[in-house]
Amino acid sequence: MPQPSVAFAKLAAPETGVLVLLLAEDLTLPPAAAAFDAKAGGVLARAIAKAAFKAKQFATLDVVAPAGTDLDRVIAVGLGKPADLAEKDWARLGGAVAAKLLEVKATTATLLVERADGVAVTPDQAADIGLGARLRGWSFDAYKSKKKDEDEPKAVKLTLTVESPSAAKKAWAPRDAVADGSALTRDLICEPANVLGTEEFAARAKKLEKLGVEVEILGEKELKKAGWNALLGVAQGSKRPPRVVIMRWNGGEKGEAPIAFVGKGVVFDSGGISIKPAAGMEDMKGDMGGAAVVTGLMHALAARKAEVNVVGAIGLVENMPDAGAQRPGDIVTSLSGQTIEVINTDAEGRLVLCDVLWHVKEEVKPAFIVDLATLTGAILVALGKINGGLFANDDTLAARITAAGLATGETVWRMPLSADYDKLIDSTWADMKNTGGRDAGSITAAQFLKRFVGDVPWAHLDIAGTAMGSPSTELNKGWTSGWGVRLLDRLVADHYEK
Ligand code: BES
Ligand code: MN
Ligand code: ZN
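Cut-offs and rules
- Residues numbered from 1 in each chain as written.
- Chains lettered and ligands numbered in written order.
- Predicted model: local features only at pLDDT ≥ 70, side-chain atom pairs only at ≥ 80, totals over all residues.
- Heavy atoms only, no water.
- Near = heavy atom within 4 Å.
- Polar contact = N/O pair within 3.5 Å; in protein donor to acceptor, adjacent residues only side chain to side chain.
- Areas by Shrake-Rupley, 256 points an atom, 1.4 Å probe, with all protein chains shown as cover.
- Nonpolar A, V, L, I, M, F, W, Y, C, P; charged D, E, K, R; others polar.
- Donors = N, O, S within 2.8 Å, 3.2 Å for Na, K, Ca; no water.
- Helix = DSSP H or I, 4+ residues; strand = E, 2+ residues; numbered from the N terminus.
- Buried < 20%, exposed > 50% of the residue type's maximum accessible area, 1.4 Å probe, protein only.
- Arc of directions from axis to C-beta.
- Contact = heavy atoms within 4.5 Å.
- Pairing = 2+ DSSP bridges.
- Axes fitted to C-alpha atoms, helices over the stretch in contact; angles between N-to-C directions.

**Q** Just give me the short version of the site of ligand 1, but keep the residues and values in it.
**A** Near ligand 1 there are 16 residues, and of these Lys-276, Asp-287, Asp-346, Glu-348 and Gly-377 occur at the shortest range. Within the side chain of Asp-269, a nitrogen or oxygen atom sits 2.9 Å from an oxygen atom of ligand 1. Separating an oxygen atom of ligand 1 from a side-chain N or O atom of Lys-276 is a distance of 2.8 Å. About the coverage of ligand 1: the protein hides 78% of its 520 Å² of free accessible area. Partitioned by chemical class, the residues of the shell around ligand 1 number four nonpolar, five polar and seven charged.

Below, the structure written as structure tokens:
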């Protein structure tokens, strides 16, 4: 399904196509909509009354071929109580508008972005409507060979008419970039593992060079030579060679310490020798969700020319059980020199991340690290698909991520870390083991990662619940929402740019 194209123009009703207007619970027509209705002989006021439309939040009223006009239809979208709209809701509104336009197969639509209560819709809010529309319009249908033309929704040309088009356009440019980054993340997550292996993922990341991102790809030889043995141990049961991709966007001051994002990129997680049950294993094509968010975020930051130095680092491996696969009981010496007893080969994400985290800490010397990983089923048990699990060794970073979550709707819930949990991964044979048993599974996974970041301010987002199998919402009707791109873009914009 093609995403809507978004344009801005001066607030006014169109002559043709679809007219969309916003209506609050009190049913007062806002000024431009009222002017249109007066000219059209009160067609709207009558339809609203006859349909007993209540204008509940994001409910729609559809008036087909309204008499006295050349319009295809008029769609009123409910705002509920406009004062109840939180910052995150403007994108949801745009998503609801796009969903309705797709449903009625509109090709050209004009939205009157105005409120009846005399409160101005800000340029940021108007631009968020456009962002939501683009997000909702995304879908992954690359592998549907039988497309019935008549069923195919057309790309909607959506014009948002606003009081100040130039201000809205300015607010739109970065959101357009974020929509592109989110689409990239979603595409990567949906792509099946037979198509998107480690090398193919690296090649997709390499394309960010077009946006001015420096992309360095480390291959098996270099990883072996440098001693990334924890990561290599995971990869050794697969035909696909491991890759580590380092992406650098230098939009900030020369010499300023970069911020860093690290992603788990297991292109398929069979569990390895500790093989997973068959039911649901197909979802493990999405076990590179953390790496996909980092890549999409780098795309967004570069495309909007973010004024910050940022490094994105992803570890790409496939976890498979062939004759060369690592075994439970194996002991590996990680890049950090710390030794790890592999109790369960299905706890592979932390083995990949520990080497990438160590490398970033040592070589990049970042101001902070945020890692993202579809790390544990346990976080899904704890938080469902509603919140990402947040772990941090730094309260300021944790608070900033929490706030960015509330602003974007990609919310997180902070989980604990402590020495008592850390003890659970001590090993009889090595410095640590890669699982701490059933209890507190997400926390012991985070404690494991914490052993590789030293004193660097660090946050870990366990996105096993939010990265995939996403519920259908105003912003998303696919299997993944690209959760994390908007959250982290916001974190950067609010705190790390000039
Ligand atoms: N990739 C999985 C976690 C996962 C589960 C992601 C469900 C998305 C949905 C991870 O590698 C894994 O297998 N974790 C194990 C850890 C256990 C063996 C300690 C888990 O959660 O069961
Ligand atoms: Mn696993
Ligand atoms: Zn995994």
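**Q** Describe the coordination of the manganese ion (ligand 2), naming the residues involved and giving the relevant values.
**A** Reference geometry at the metal: tetrahedral coordination by four donors gives ideal angles of 109.5 degrees; octahedral coordination by six donors gives 90 or 180 degrees. Protein-derived coordination of the manganese ion (ligand 2) comes from Asp-269 (OD), Asp-346 (O), Asp-346 (OD) and Glu-348 (OE), at a distance range of 2.0 to 2.2 Å. Along the chain, the residues donating to the manganese ion (ligand 2) are arranged with the sequence spacing D-x76-D-x1-E. The metal-metal distance between the manganese ion (ligand 2) and the zinc ion (ligand 3) comes to 3.2 Å, with Asp-269 coordinating both. A residue pair is termed long-range when its members are at least 10 positions apart, and Asp-269 in strand 9 (residues 259-269) and Glu-348 in the loop between strand 12 (339-341) and helix 10 (349-364) qualify at 79 residues.

**Q** An account of helix 2 (residues 43-50) is needed here, citing residue identities and associated values.
**A** Turning to helix 2, its buried residues are Val-43, Leu-44, Ala-47 and Ile-48. Each buried residue of helix 2 lies within a common arc of 125° when the element is viewed along its axis, so the set occupies one face. The exposed residues of helix 2 that point more than 90 degrees off its buried face are Ala-49 and Lys-50. The inward-facing, buried residues of helix 2 contact strand 2 (18-23), helix 1 (31-39), strand 3 (60-64) and strand 4 (73-78). The first or second residue beyond helix 2 is Ala-52, which carries a positive phi of 50°.

**Q** Any chance you could break down the environment of Pro-30 for me, citing the residues and the numbers?
**A** Following the sequence through the fold, Pro-30 ends up in the loop between strand 2 and helix 1. Accessibility expressed as a relative area gives 1% for Pro-30, which makes it buried. Distance in space between the C-alpha atoms of Pro-30 and Ala-142 is 41 Å, their sequence separation being 112 residues. In this structure Pro-30 touches Leu-22, Leu-23, Glu-114, Arg-115 and Ala-116, once residues within four positions along its chain are discounted.

**Q** Residues and numbers for the sheet that holds strand 7 (residues 214-218), please.
**A** The strand order 7-8-10-9-13-17-14-15 describes an open sheet built from eight strands, whose pairing is mixed. Unpaired on one side and paired on the other, strand 7 and strand 15 (412-414) mark the two borders of the sheet. When strand polarity is set aside, the average angle formed by the axes of neighbouring strands in this sheet is 20°. Summarising the sheet, strand 7 and strand 8 (residues 243-250) pair through five bridges and their orientation is antiparallel. Counted as the bridge partner of Ile-217 is Val-245 from strand 8.

**Q** Outline the environment of Val-381, listing residues and values.
**A** Relative to the assigned elements, Val-381 resides in helix 11 (residues 377-383). Note: C-alpha distance between Val-381 and Gly-465 (84 residues apart in sequence) is 8.4 Å.

**Q** Just give me the short version of the coordination of the zinc ion (ligand 3), but keep the residues and values in it.
**A** Those donors, Lys-264 (NZ), Asp-269 (OD), Asp-287 (OD) and Glu-348 (OE), are the protein atoms that reach the zinc ion (ligand 3), and they lie 2.0 to 2.4 Å from it. Between the donor residues of the zinc ion (ligand 3), the gaps in sequence give the motif K-x4-D-x17-D-x60-E. With a relative accessible area of 1%, Lys-264 lands in the buried category.

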